[in-house]
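# Structural characterization, general
Each chain, letter by letter, is given below.
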Amino acid sequence: MKDEWQVEQRWAVFDRWGPYGLLGTGLVVSAVTAGELDMTGADWAATAVLVPAALALQLGWERREQRPSAAGAWYFFARWALAFGLTWINPFFGFYAILGYFTADRLLPPRLVKPGLVATAVLMAGSNVGGLHQLRSWGSWAVFAALLCVHIGLVGVFSHLAEKEQAQARARAATITELERTNAALQQALDENAALHTQLLVQAREAGIADERRRLAAEIHDTIAQGLTGIIAQLQVVAGTADPDAARVHVDRAAELARHSLGEARRSVHNLAPVALEHDGLPEALKKTVAEWGERTGVRADFTLTGTAEHLHDEVSATLLRIVQEALSNAARHADASRLGVTLSFMDDEVTLDVRDDGRGFDPLALPPRTGTGGFGLDGMRARAERIAGSLTVESEPGFGTAVSARVPLVHHD
């Protein structure tokens, strides 16, 4: 586009000053050669009329736009007529006549371009033989015809090349237009995808919160509410009995139910706000968790951080910490590993968490049934990741260790 603009600028300079320069050149050379060409007083008088007429024509046209039109055709052939008169007087005014070659396709309608070029070729061939007035014998006419054929042939060749160049320019312009349209559509799609991604993250976060509320409601209903109901029942029995021993038994049962309910409440609250994240960010919390697990189990455990750590949303940090805790718990119970590694990676728009051990491994397609004494298990870890629009994969093989990998969106702290 920049090159095309520069070409247009250069053509504008030529259109503005070229006719004056070429007319002036023809006039100077004609004056120098007037003696050799036997210019008469009548020739000079005609020149004195035609040159100002050419100047007046150019002055009247120079502010118009250079484009094919009826006015452009009038200007072109009026200039050709003046050039014809001048080259008849002195062939060196061919400098002025040559303008037709440069401007035919930019001034004439398509049906007049070739006639305009042929007319210019007539002037140039006549100029080459010393002027059209010199055609006084069959030999001079033969030379003129040969030169005219040469000029027309050159016009044909250069016209063909110009058409090819214009076709290529149109193809390039169409390609650039299509690329701009495609880029605009792509940018719009990227913007829409970014907005959709943000919307999905918000929806996933809201869904995760709603899911966590449903989980808490179910736990309250199944544990705390039932425990409180049992406590009320035991206390009602105590209120209705006069036997101290029987009353003590029911009071002990109520106390046990109260302790159990308190433990369930603490467990639920602890699941929402992990203690390890109260004062540390996720990388520090994971590093401490892995180190404590290694000291407790005697297994060599390493933590690695890659990328630039960022302050994550609390829910994302809690989810990743819970996944690591569950993975470490599973490794301690089942892996019998000698080495374990945890890697936390911050990337452009996501966070990945990898837990790998060199333990006994297992067949992921033949998992044992979940027990009531265990944690959430692999299904629970996967559900946690999916709550925040993430994913969890497990790779393992008997005798070759286990790798747990979680990928979640990088959502910053509000």
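Conventions used here
- Residues numbered from 1 in each chain as written.
- Predicted model: local features only at pLDDT ≥ 70, side-chain atom pairs only at ≥ 80, totals over all residues.
- Heavy atoms only, no water.
- Helix = DSSP H or I, 4+ residues; strand = E, 2+ residues; numbered from the N terminus.
- Buried < 20%, exposed > 50% of the residue type's maximum accessible area, 1.4 Å probe, protein only.
- Contact = heavy atoms within 4.5 Å.
- Patch = residues over 30% accessible without salt bridge, like charges linked within 9 Å, V, L, I, M, F, W, Y side chains within 5 Å.
- Areas by Shrake-Rupley, 256 points an atom, 1.4 Å probe, with all protein chains shown as cover.
- Salt bridge = Lys/Arg side-chain N within 4 Å of Asp/Glu carboxyl O.
- Axes fitted to C-alpha atoms, helices over the stretch in contact; angles between N-to-C directions.
- Parallel < 35°, antiparallel > 145°, perpendicular 65-115°, else oblique.
- Nonpolar A, V, L, I, M, F, W, Y, C, P; charged D, E, K, R; others polar.
- Left-handed = near helix turned anticlockwise from the far one by under 90°.

## Focus on the overall build of the chain
For the chain, the helix and strand inventory stands at 11 helices and 5 strands. Relative to its full complement of 414 residues, the chain shows a buried share of 36%. Counting contacts in the chain only where the partners sit at least 6 residues apart, residues at least 24 apart contribute 69% of the total.

## Re a nonpolar patch on the surface
Side chains of Val 150, Leu 154, Val 157, Phe 158 and Leu 161 sit close together on the surface and give an oily, nonpolar patch of about 470 Å² of accessible area. Topologically, Val 157 is positioned in helix α7 (residues 138-239). The class for Val 157 is partly exposed, based on a relative accessible area of 47%.

## Description of the packing of helix α5 (residues 99-107) against helix α6 (residues 110-128)
Their axes nearest at 9 Å, the elements α5 and α6 cross at an angle of 175 degrees. Considering the angle they form, α5 stands roughly antiparallel to α6. Contacts from Gly 100, Tyr 101, Ala 104 and Asp 105 in α5 reach Val 113, Leu 117, Thr 120, Ala 121 and Met 124 in α6. Class assignment for the residues of the contact of α5 with α6 results in 6 nonpolar, 2 polar and 1 charged.

## A look at the packing of helix α3 (residues 70-89) against α5
Helix packing geometry: the angle between the two helix axes and the distance between the axes. Two elements in contact, α3 and α5, have axes whose closest approach is 10 Å; the angle formed by their N-to-C orientations is 165 degrees. Between α3 and α5, the angle falls in the class roughly antiparallel. α3 and α5 meet at a crossing whose hand is left-handed. Where α3 approaches α5, its residues Gly 72, Ala 73, Tyr 75, Phe 76 and Arg 79 are matched on the opposing element by Leu 99, Gly 100, Thr 103, Ala 104 and Leu 107. Across the contact of α3 with α5, the residue classes break down as 6 nonpolar, 3 polar and 1 charged.

## Considering the pattern of salt bridges
Two side chains with opposite charge may pair up if their charged atoms get near one another. Counted under the stated rule, the structure contains 8 salt bridges. Between Arg 181 and Glu 178 there is a salt bridge whose closest N-O contact spans 2.4 Å. Residue Arg 181 and its partner Glu 178 are both found in helix α7; the two are separated by 3 residues, about one turn of the helix. Of the residues examined, Glu 178 reaches a relative accessible area of 38% and is grouped as partly exposed.

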